[in-house]
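A closer look at the structure
Here's the letter readout for the chains.
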Amino acid sequence: MALIVQKYGGSSVADAESIKRVAKRIVDTRRGGHDVVVAVSAMGDTTDELLDLAAQVAPIPAPRELDLLLSSGERISMALLAMAIHSMGFEARSFTGSQAGMMTDGTHGAARIVDVEPSRVREALDEGAIVIVAGFQGINRDSQDITTLGRGGSDTTAVALAAALGADVCEIYSDVDGVFTADPRVVPRARKLSHVSSEEMLELAANGAKVLYIRAVEYARRHGVRIHARSTFSSSEGTWVLGGARLAELAAEGDQMEEPIVAGVATDLSQAKITIIGVPDIPGKAAEIFKIVAKSGANVDMIVQNVSAAATGRTDISFTLPKTDAAAALRALAAEQADVGFESLVHDDQIGKLSVVGAGMRSHSGVSATLFEALSAAGVNIEMISTSEIRISVVVRGDELVEAARVVHTAYGLDGGDDATVYAGSGR
Ligand code: ADP
Ligand code: ASP
Ligand code: MG
């Protein structure tokens, strides 16, 4: 008998029928003789709808109130799911994040889990109940206020519960069969990976592959939780996210062919680019600028500084950041324009970021040449480039991102035979 933690995303519990389907799946696992703890997301696009609603009553909603509002989405689905399980003749008990002992820091909207005290969850399990926990939320011990963990945060709830309870596996259910070589909504020829290393998954998640939330992958790696990403809508084996050591064991057992150089391609339309034109080309200016940007709360990703034109002694600096951070960063920079001495600001929110990820890049050359050749053959212009040890990212025009992803996917030999299945969801 195993202890299994399962997480069901919004598209898996979008309506009453779906909730009953999930309830059946949970009950089947229970019938198999296992203890089951479930983390559940809000129904369908509820979180987006609540955010839209908040924006209609306040331009900048108070963070404490917004977290209370958003946490209600997951409470609706947890209670409905418990009811559905009851009506199938099984004992189920639902808990909010705070009742389940998810203790977080006080950062509203992006809280970090600092401790998990799942005594009520254990008690319910001991009494033979199936436990349902509202995902994406916790409580700050100091303020006693409800917090949320950031978009996609129900994945982290599941992994944190799995770690605290010593679960055998953490199954993350969504509307696709697992982690693919690209988002199947963008690249229909994407292939499901049978396994992916946690370091590759971290890079994919950080660069737009929302099938698993980056903080959940991080948490799992730190606490040794085994993640199995799979579909609510089929029983096929999904993707295992494994640590490097386990992958090496598999390779030694001959379970695995040689790793491909590139694991996958990620796409991201959520960033904007700000260019600061005419920055005096003297020491200290970059420091000044990025101090201002940091103070505005923006999370900078790529940075490019052009060579200055010798005659003017001035240069341009471009950087990317989440679209949602751009307004605050622009305001902060404009306020300091005279002090810093730059000429003007340009805001561009029509960019797309394409990333190629693979641990094999460490030991193989020519990976970037393949990327650049594929983009050039498709007539896609590259505006910015950045790399890590196992990733190459480029910024292109947003309306060319889909085409870029498809040609690059083909160029690395990642295309599968049939189109991938997307079972549900709006992709929002
Ligand atoms: P849930 O609501 O269940 O949490 P998400 O919408 O957060 O589900 O994540 C699933 C979606 O992630 C898929 O429908 C797919 O469009 C998208 N996705 C992006 N990149 C990938 C990838 N590499 N593999 C699989 N799905 C991906
Ligand atoms: N409901 C939250 C969101 O939409 C959390 C989650 O689904 O993981 O972001
Ligand atoms: Mg998700």
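Since we're looking at a predicted model, the values are computed, not measured. (Residues numbered from 1 in each chain as written. Chains lettered and ligands numbered in written order. Predicted model: local features only at pLDDT ≥ 70, side-chain atom pairs only at ≥ 80, totals over all residues. Heavy atoms only, no water.)

Soluble globular proteins tend to pack their nonpolar side chains together in the buried interior. Counting residues in each nonpolar core, the largest one holds 47 residues, and the members touching the most others are Val-37, Val-121, Val-131, Val-159, Cys-170, Met-201 and Leu-212. Top element by residues in this core is helix H5 (residues 154–165). It accounts for 6 residues. If sequence neighbours within four positions are ignored, Val-131 has contacts with Val-36, Val-37, Val-38, Arg-93, Phe-95, Val-121, Ala-124 and Leu-125. Judged by nonpolar contacts, the second largest core, of 25 residues, contains Val-176, Val-367, Ile-392 and Val-396. (Core = buried A, V, L, I, M, F, W, Y, C linked by side-chain atoms within 4.5 Å. Buried < 20%, exposed > 50% of the residue type's maximum accessible area, 1.4 Å probe, protein only. Helix = DSSP H or I, 4+ residues; strand = E, 2+ residues; numbered from the N terminus. Contact = heavy atoms within 4.5 Å.)

To continue, consider the packing of aromatic side chains. In this structure the tally under the stated criterion is 3 aromatic pairs. Centre to centre, the rings of Phe-233 and Tyr-423 are 5.8 Å apart; their planes meet at 10°, and the pair counts as stacked. In this pair, Phe-233 sits in the loop between strand E11 (227–231) and strand E12 (239–242) while Tyr-423 sits in the segment after helix H13 (401–411), placing the two residues 190 residues apart along the sequence. What makes Phe-233 partly exposed here is its relative accessible area of 23%. Here Phe-290 and Phe-319 contribute two aromatic rings whose centre-to-centre distance is 5.3 Å and whose plane-to-plane angle is 70°, an arrangement assigned as edge-to-face. (Phe/Tyr/Trp six-rings, centres within 6.5 Å; stacked < 30°, edge-to-face > 60°.)

Among all residues except glycine, the phi angle is most often negative; among peptide bonds, the trans geometry is most common. Even without glycine at this site, Phe-136 takes up a positive phi of about 75°. Within the secondary structure, Phe-136 sits in the loop between strand E6 (130–134) and strand E7 (137–140). Of the residues examined, Phe-136 reaches a relative accessible area of 3% and is grouped as buried. Of note in this structure, Gln-144 is not a glycine but carries a positive phi near 60°. Along the chain, Gln-144 turns up in the loop between E7 and strand E8 (146–148).

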